[in-house]
Amino acid sequence: MGIQPIDLQTMFAQLDKISNSQVQQTQAAQIQAALKQEDIARKQTAAKAAVEEPSKLNDGLGSIKDQNRHNGGQQGKKKDQKNAETKEETSYIYKDPALGQHIDVSG
């Protein structure tokens, strides 16, 4: 039994719908793959940007910095007071009423 012309006519009308559905399926698969890659890239950049805290923070440098901060704070206040006193003694303000009135243009 052969194919009748009416059968060909209905098949050609349906080919357009079938091709559209196939295109949509392939595009959906491509979009899903792109979203997965973007998610993986975002996670990797977040992991690279994250700063990991060292496990032995209580030993070593952390405690030394804390000790210096406690001892240095008291000494720093004393030094600041001494510096302020010496600045007050050494800073003089000179005022001249003729300052800036005469301009030498001859160069």
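Refer to the structure presented above.
Residues numbered from 1 in each chain as written. Predicted model: local features only at pLDDT ≥ 70, side-chain atom pairs only at ≥ 80, totals over all residues. Heavy atoms only, no water.

Trainee: With reference to specific residues and values, describe the overall build of the chain.
Mentor: What the chain contains, in helices and strands, is 2 helices and 0 strands. Summed over its atoms, the accessible surface of the chain is roughly 10,900 Å², and 55% of this surface lies on carbon and sulfur atoms. (Helix = DSSP H or I, 4+ residues; strand = E, 2+ residues; numbered from the N terminus. Areas by Shrake-Rupley, 256 points an atom, 1.4 Å probe, with all protein chains shown as cover.)

Trainee: Run through a nonpolar patch on the surface, naming residues and quoting values.
Mentor: On the surface, a cluster of nonpolar side chains totalling about 610 Å² of accessible area is made up of Ile3, Leu8, Met11, Phe12, Leu15 and Ile18. Here phenylalanine 12 is to be found in helix H1 (residues 5-49). (Patch = residues over 30% accessible without salt bridge, like charges linked within 9 Å, V, L, I, M, F, W, Y side chains within 5 Å. Salt bridge = Lys/Arg side-chain N within 4 Å of Asp/Glu carboxyl O.)

Trainee: Can you lay out the pattern of salt bridges for me, pointing to particular residues and giving the numbers?
Mentor: All told, the structure shown has 3 salt bridges when counted by the stated rule. Notably, a salt bridge pairs aspartate 39 with lysine 43, separated by 3.6 Å at the nearest N-O pair. Taken together, the residues aspartate 39 and lysine 43, both in helix H1 and 4 residues apart, mark about one turn of the helix. Among the residues examined, aspartate 39 registers a relative accessible area of 29% and is labelled partly exposed. (Buried < 20%, exposed > 50% of the residue type's maximum accessible area, 1.4 Å probe, protein only.)

Trainee: Please provide a residue-by-residue account of the environment of threonine 10, values included.
Mentor: With respect to the helices and strands, the residue threonine 10 is situated in helix H1. Side-chain polar atoms of threonine 10 contact the backbone oxygen of aspartate 7, separated by 2.8 Å. (Polar contact = N/O pair within 3.5 Å; in protein donor to acceptor, adjacent residues only side chain to side chain.)

Trainee: Let's hear about H1: which residues, and what values?
Mentor: In an α-helix, one turn spans 3.6 residues; hence positions three or four apart end up facing the same way. Given a rise of 1.5 Å per residue, 45 residues ought to cover 66 Å, and the 66 Å separating the end C-alpha atoms of H1 matches this to within 8%. Taken as a whole, H1 carries its principal kink of about 30 degrees at glutamine 14. (Expected span 1.5 Å × (residues − 1). Bend = angle between axes of the 7 residues up to and from the residue.)

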